[in-house]
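Geometric and topological summary
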Amino acid sequence: MSLLDVRGLSLGIAGREELLRDVNLTLEAGEVMGIVGESGSGKTMTALALLGLLPPSMEIRSGTATVEGRTVLEAGARRVHRASGDMTMIFQNPRGALNPTMRVGAQVGRVLRVVRGKTRAEAAAEAVALLRRVGISGAERVAKAYPHQLSGGMCQRVVIAMALAYRPRVLIADEPTTGLDVTVQAQIFELLRELVDETGCGVLFITHDLAAVADMCDRVSVLYGGQLMETATTVEMFEQPKHPYTQFLLESLKPEDQQGEVQAADAGVDFSLPGCRFAHRCPHVFDRCAAFPPLVETNDKHLYSCFLGQEKSLDAAQCSRSV
Ligand SMILES: Nc1ncnc2c1ncn2[C@@H]1O[C@H](COP(=O)(O)OP(=O)(O)O)[C@@H](O)[C@H]1O
Ligand SMILES: [Mg+2]
């Protein structure tokens, strides 16, 4: 049994198109799973669905998610069944995730009191210890500061300390280092990695930065236009990508893109079309791509969503560009 198991998750804007279709994800204890994709591919919506935080206009069309076998999400249910400690999330904008009118130590302490039932005195002491744990020097002093008195990197450490206070089984980090400088980014990555090794939690690491994936992730899932294109170990994804979109992504980074930023392929995904979401850009498109491709397994950790390779021989005559 996987720590987190997401099956067939589809999301749509109420009464309108389907933004996320049939997404399958697993996460094991002690594992960092990257979710990579360009802006608008559905990374954040996937995370928000798992936490029951979807915007009101967005609905769960189908799918289930379990944490250690416990159902946390079902289609039709607006609220998730959340047990404290199952899942928590680190957001892109750490300052925005903090309460501007409350000292940061008190914010960490509040989680300890509300979620973990600590007394006020216990929570205050443990909050300082957690701030120290996430690499904040002078933690006693920093605990008394307000968010606006701290740098972005420092705020993200505070947010991670709050996430730790929950003792989650699954931590979702949504572009946690956007806007932070490269040195701080490396420190935050290292901190996340240490936490995984120490606590055995699993991390869904959402990013549009392939260099960060190479650094951080054991496995990676590629999203495009709300479709799970491919999922594989990080090594296999970089060395033997199977999906034409993944190949395109990796190609577009060459020769030497130091930043590893995913380039937008095309803003024009048509969510109302039933077929593969990459068909309009795919160099290998053929008639079958007008239907939605199922996940094909090359081994138990490497799956991709494409009709290519599902037939032994694809001769040129079949490859009509009729999508
Ligand atoms: N509040 C919202 N209501 C309706 N659609 C939204 C909302 N926020 C984002 N979307 C749409 O959902 C899709 C996925 O967005 P998102 O998950 O934020 O992408 P990513 O995190 O990969 O950049 C996009 O097409 C976006 O336009
Ligand atoms: Mg996002």
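The preceding data block contains the structure.
Heads up: these notes are all about the structure in this document. (Residues numbered from 1 in each chain as written. Chains lettered and ligands numbered in written order. Predicted model: local features only at pLDDT ≥ 70, side-chain atom pairs only at ≥ 80, totals over all residues. Heavy atoms only, no water.)

Let's talk about the pairing of strand 2 (residues 18-27)
Quick note on the threshold: For two strands to be treated as a pair, DSSP must find no fewer than two bridges joining them. A run of DSSP states H or I qualifies as a helix once it reaches four residues; a run of E qualifies as a strand once it reaches two. Both are numbered from the N-terminal end.
Relative to strand 2, strand 1 (residues 4-13) runs antiparallel, the two sharing six bridges. Looking at strand 2, one finds that L4 is bridged to L27. Remark: four residues form the turn of the hairpin made by strand 1 and strand 2, two consecutive strands paired antiparallel; G15 in that turn has positive phi of roughly 75°.

A word on the environment of V6
Where we set the bar: Only heavy atoms enter the contact rule, under which two residues are in contact if any of them lie within 4.5 Å.
Relative to the helices and strands, V6 is located in strand 1. Those residues within four positions of V6 in sequence are excluded, and the remaining contacts are V23, N24, L25, L50, T64 and A65.

Re helix 7 (residues 182-199)
The cut-off we apply is this: Helix span, as expected, comes to 1.5 Å for every residue beyond the first. Exposed residues in this analysis have more than 50% of their type's maximum accessible area, buried residues have under 20%, and partly exposed residues fall in between, with area computed by a 1.4 Å probe over protein chains only. Here the arc refers to the set of directions running from the helix axis out to each C-beta atom.
Here helix 7 spans 26 Å end to end across 18 residues, near enough to the 26 Å set by a 1.5 Å rise per residue. Here helix 7 has its buried residues at V184, Q185, I188, F189, L191, L192, L195 and V196. Buried residues of helix 7, viewed axially, fall in a sector of 160°; they line one side. Of the exposed residues in helix 7, the ones pointing more than 90 degrees away from its buried face are V182, T183, E190, D197 and E198.

Structural notes on the site of ligand 1
We count it as follows: Residue proximity to a molecule or strand is established when one non-hydrogen atom of the residue lies within 4 Å of it. The term polar contact refers here to a pair of N or O atoms within 3.5 Å; inside protein, the definition further demands a hydrogen-donor-capable atom paired with an acceptor-capable atom, and it admits residues adjacent in sequence only when both atoms are side-chain atoms. Just so you know the grouping, Ala, Val, Leu, Ile, Met, Phe, Trp, Tyr, Cys and Pro go in nonpolar, Asp, Glu, Lys and Arg go in charged, and all remaining residues, Gly too, go in polar.
Residues in contact with ligand 1 amount to 13 residues; listed here are only the nearest, G40, G42, K43, T44 and M45. Taking G40, its main chain carries an N or O atom lying 2.7 Å from an oxygen atom of ligand 1. For ligand 1, an oxygen atom lies 3.2 Å from a polar atom in the backbone of S41. Sort the elements by how many residues they give to the shell around ligand 1 and helix 1 (residues 43-51) lands first, with three residues. Taken together, the residues that form the shell around ligand 1 break down as five nonpolar, six polar and two charged.

Focus on the pattern of salt bridges
Quick note on the threshold: When a carboxyl oxygen of Asp or Glu is within 4 Å of a side-chain nitrogen of Lys or Arg, the pair counts as a salt bridge.
Scanning all chains against the criterion turns up 14 salt bridges. Across the pair E18 and R21 runs a salt bridge, and its minimum N-O distance is 2.8 Å. Here E18 matches R21 in class, with each residue buried. The partner of E126 in a salt bridge is R116, and the shortest N-O contact between them spans 3.6 Å. Pair noted here: E126 is in helix 4 (residues 120-133) and R116 is in helix 3 (residues 104-116), with a separation of ten residues, a long-range link. One network of salt bridges, with partners in common, ties together E68, R70, D86 and R169.

Details of the packing of aromatic side chains
Here is the rule we go by: Any two of the Phe, Tyr and Trp rings considered here, Trp counted by its six-membered ring, make a pair once their centres fall within 6.5 Å; the pair's planes then place it as stacked at under 30 degrees, edge-to-face at over 60, or tilted in between.
The full count for this structure, using the stated rule, is six aromatic pairs. Relative to F278, the ring of F248 has its centre 6.0 Å away and its plane inclined at 50°; by these criteria the two rings are tilted. Of the two residues, F248 sits in helix 10 (residues 244-253) while F278 sits in the loop between helix 10 and strand 11 (295-299), which places them 30 residues apart along the sequence. The class for F248 is partly exposed, based on a relative accessible area of 27%.

Describing the side chain of Q107
If you trace the backbone, Q107 turns up in helix 3. At a separation of 2.8 Å, a polar atom in the side chain of Q107 contacts the main-chain carbonyl oxygen of M102. Ignoring anything within four residues of it in the chain, the contact list for Q107 reads L98, N99, M102, P147 and M162.

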